[in-house]
Amino acid sequence: MAHAIARAEPQPLGEINTTPLIDVMLVLLVMFVITIPPATHSLEVPLPQVGIDPGRILPRNDIVLTAGDRLLWNRQQVSLSELSALLAAAARLPDEPELRFQPDGSASYGLSAEVLRRVELSGVTAFGFVGNEQFSEFGAAMKC
């Protein structure tokens, strides 16, 4: 007996093969990334400059810190930023001038430490302390 075998006719697939599409997209992405020019723009920001009169730097300069926490460069009051500029200018001179630091006994320790830090950062090598003989006895500076 012959049985009829139901054969299913092949049906067309309803799916799209996306592999070639993905390959093409990846190649295009790589090409776009390679062809993008690097960022070459820059933004110039003007920085504040402290003008230094070359006549303010002598062969021997005194940095004095007073009891009222005034900072003096050769008897002229200066700010910490002006002091930094003067120190940098002094360090750049061919014949480096001598710098002498004289803090008052009642001056702020924090300001004294800040002045010393700025002197160290400036690269000055001809630096010394003066007036330390007033502190040879403990409490002698307070008797004034």
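How each quantity is defined
- Residues numbered from 1 in each chain as written.
- Predicted model: local features only at pLDDT ≥ 70, side-chain atom pairs only at ≥ 80, totals over all residues.
- Heavy atoms only, no water.
- Helix = DSSP H or I, 4+ residues; strand = E, 2+ residues; numbered from the N terminus.
- Buried < 20%, exposed > 50% of the residue type's maximum accessible area, 1.4 Å probe, protein only.
- Areas by Shrake-Rupley, 256 points an atom, 1.4 Å probe, with all protein chains shown as cover.
- Pairing = 2+ DSSP bridges.
- Patch = residues over 30% accessible without salt bridge, like charges linked within 9 Å, V, L, I, M, F, W, Y side chains within 5 Å.
- Salt bridge = Lys/Arg side-chain N within 4 Å of Asp/Glu carboxyl O.
- Phe/Tyr/Trp six-rings, centres within 6.5 Å; stacked < 30°, edge-to-face > 60°.
- Axes fitted to C-alpha atoms, helices over the stretch in contact; angles between N-to-C directions.
- Parallel < 35°, antiparallel > 145°, perpendicular 65-115°, else oblique.
- Left-handed = near helix turned anticlockwise from the far one by under 90°.
- Contact = heavy atoms within 4.5 Å.
- Nonpolar A, V, L, I, M, F, W, Y, C, P; charged D, E, K, R; others polar.
- Polar contact = N/O pair within 3.5 Å; in protein donor to acceptor, adjacent residues only side chain to side chain.

This part takes up the overall build of the protein. Counting its secondary structure elements, the protein contains 3 helices and 5 strands. For the protein, the succession of helices and strands along the chain, N to C, is α-β-β-β-α-β-α-β. In the protein, which comprises 144 residues, the proportion classed as buried is 21%. Accessible surface, the protein as shown: approximately 11,500 Å² in total, 60% of it carbon and sulfur.

A one-sided burial pattern is seen for strand 1 (residues 60-65), the buried positions being Asn61, Ile63 and Leu65 and the unburied ones Arg60, Asp62 and Val64. Connecting strand 1 to the antiparallel partner strand 2 (residues 71-73) that follows it, the hairpin turn spans 5 residues, and Asp69 within it adopts a positive phi of roughly 60 degrees.

Another point: a nonpolar patch on the surface. Together, Leu21, Val24, Met25, Leu28 and Phe32 give the surface a local cluster of nonpolar side chains, amounting to about 520 Å² of exposed area. Within the element layout of this structure, Leu21 appears in helix 1 (residues 19-35).

Counted under the stated rule, the structure contains 3 aromatic pairs. Between Phe101 and Phe129, the ring centres sit 5.9 Å apart and the planes meet at 65 degrees, which makes this aromatic pair edge-to-face. Residue Phe101 is located in strand 4 (residues 98-103), and its partner Phe129 is located in strand 5 (residues 127-129); the two are separated by 28 residues in the primary sequence. Accessibility expressed as a relative area gives 44% for Phe129, which makes it partly exposed.

What follows concerns the pattern of salt bridges. For the structure shown, the criterion picks out 3 salt bridges. Salt-bridge contacts for Arg100 lead to Asp62; the nearest nitrogen and oxygen are separated by 2.8 Å. Within this pair, whereas Arg100 is found in strand 4, its partner Asp62 is found in strand 1, the two being separated by 38 residues in sequence.

For the rest of this paragraph, the subject is the packing of helix 2 (residues 80-92) against helix 3 (residues 109-122). One can describe the packing of helix 2 onto helix 3 by two numbers: an axis separation of 9 Å at closest approach and a directional angle of 30 degrees. Taken as axis vectors, helix 2 and helix 3 run roughly parallel relative to one another. In this structure, helix 2 meets helix 3 at a crossing whose hand is right-handed. Contacts between helix 2 and helix 3 involve Leu80, Ser81, Leu83, Ser84, Leu87, Ala88 and Ala91 from the former and Leu111, Glu114, Val115, Arg118, Val119 and Ser122 from the latter. Taken together, the residues of the contact of helix 2 with helix 3 sort by class into 8 nonpolar, 3 polar and 2 charged.

Here we have 5 strands laid out as an open sheet, ordered 3-2-1-4-5, and mixed in their pairing. A single partner strand is all that each edge strand has here, and the edge strands are strand 3 (76-77) and strand 5. The strands that helix 3 touches are strand 1, strand 2, strand 4 and strand 5; relative to strand 4, the one it contacts most, it runs at about 170 degrees.

Moving on to the side chain of Thr66. Mapped onto the elements, Thr66 comes out in the loop between strand 1 and strand 2. At 3.0 Å, the side chain of Thr66 forms a polar contact with the backbone nitrogen of Arg70. Excluding residues that lie within four positions of it along the chain, Thr66 makes contacts with Leu72, Asp104 and Ala107.

Note that every value here comes from positions in space, so none of it alone points to a role or purpose.
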